[in-house]
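Observations on the model geometry
What follows is each chain in one-letter form.
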Amino acid sequence: MDVEALAVVPMRKSKRSEVVQRRIRRPFSVTEVEALVQAVEKLGTGRWRDVKLRAFDNAKHRTYVDLKDKWKTLVHTARIAPQQRRGEPVPQELLDRVLKAHAYWSQQQAKQPLKQQSETCRLL
DNA sequence: ATTAGGG
DNA sequence: CCCTAAT
């Protein structure tokens, strides 16, 4: 499959041009964004591992870190003028849902960072 | 191995 | 995407 999805490039910012391999660029499709938004609306912004399993379990090249990063750019994209956005345009409908979910989970995360319930329960 | 943020 | 400190 995409086993050779790595790019051999000169190590940036290095005196001696060493050579390192980085993953190739894979712009998120609107379909992927839809899946990501759907998952975050349900799971929130503090459980990217679960978001990965829920919506990208079969996308070997999308790690939970990638999904976290994509969400960051989506929130930014939703906030800038449509004219300064790049790539295949993301439906405004999705961008609206991004801001909505971001606002909701933002406060939800501030209240209870979830996870480690055992830790919390033990202390209560 | 994950989370969370800056690079 | 990468890098990585803190869990």
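All values reported here derive from a predicted model rather than from experimental measurement. (Residues numbered from 1 in each chain as written. Chains lettered and ligands numbered in written order. Predicted model: local features only at pLDDT ≥ 70, side-chain atom pairs only at ≥ 80, totals over all residues. Heavy atoms only, no water.)

Taken together, the neighbourhood of DNA strand B is formed by Gly 46, Arg 47, Arg 49, Tyr 64, Val 65, Lys 68, Asp 69 and Lys 72. Taking the atoms of DNA strand B that fall within 4 Å of the protein, sugar and phosphate contribute 43% of them. At a separation of 2.7 Å, a phosphate oxygen of DNA strand B approaches a polar side-chain atom of Arg 49. Side-chain polar atom of Lys 68 to a base nitrogen of DNA strand B: 2.6 Å apart, as the coordinates give it. Looking at the surface near DNA strand B element by element, the count peaks at five residues for helix α3 (residues 64-79). (Near = heavy atom within 4 Å. Polar contact = N/O pair within 3.5 Å; in protein donor to acceptor, adjacent residues only side chain to side chain. Helix = DSSP H or I, 4+ residues; strand = E, 2+ residues; numbered from the N terminus.)

Let us look at the packing of helix α1 (residues 30-43) against helix α2 (residues 48-55). The geometry of α1 relative to α2 is characterised by a closest axis approach of 9 Å and an angle of 130 degrees between their N-to-C directions. As summarised for this structure, α1 and α2 are arranged oblique, according to the angle between their axes. Regarding α1 and α2, the two cross each other, and that crossing is right-handed. Across from Ala 35, Leu 36, Gln 38, Ala 39, Val 40, Lys 42 and Leu 43 in α1, the residues of α2 making contact are Trp 48, Asp 50, Val 51, Arg 54 and Ala 55. Classifying every residue of the contact of α1 with α2 gives eight nonpolar, one polar and three charged. (Axes fitted to C-alpha atoms, helices over the stretch in contact; angles between N-to-C directions. Parallel < 35°, antiparallel > 145°, perpendicular 65-115°, else oblique. Left-handed = near helix turned anticlockwise from the far one by under 90°. Contact = heavy atoms within 4.5 Å. Nonpolar A, V, L, I, M, F, W, Y, C, P; charged D, E, K, R; others polar.)

Relative to the 22 Å expected for 16 residues at 1.5 Å per residue, α3 spans 23 Å between its end C-alpha atoms, a close match to the ideal helical length. Where α3 is buried, its residues contact β2 (19-23), α1, α2 and α4 (92-111). (Expected span 1.5 Å × (residues − 1).)

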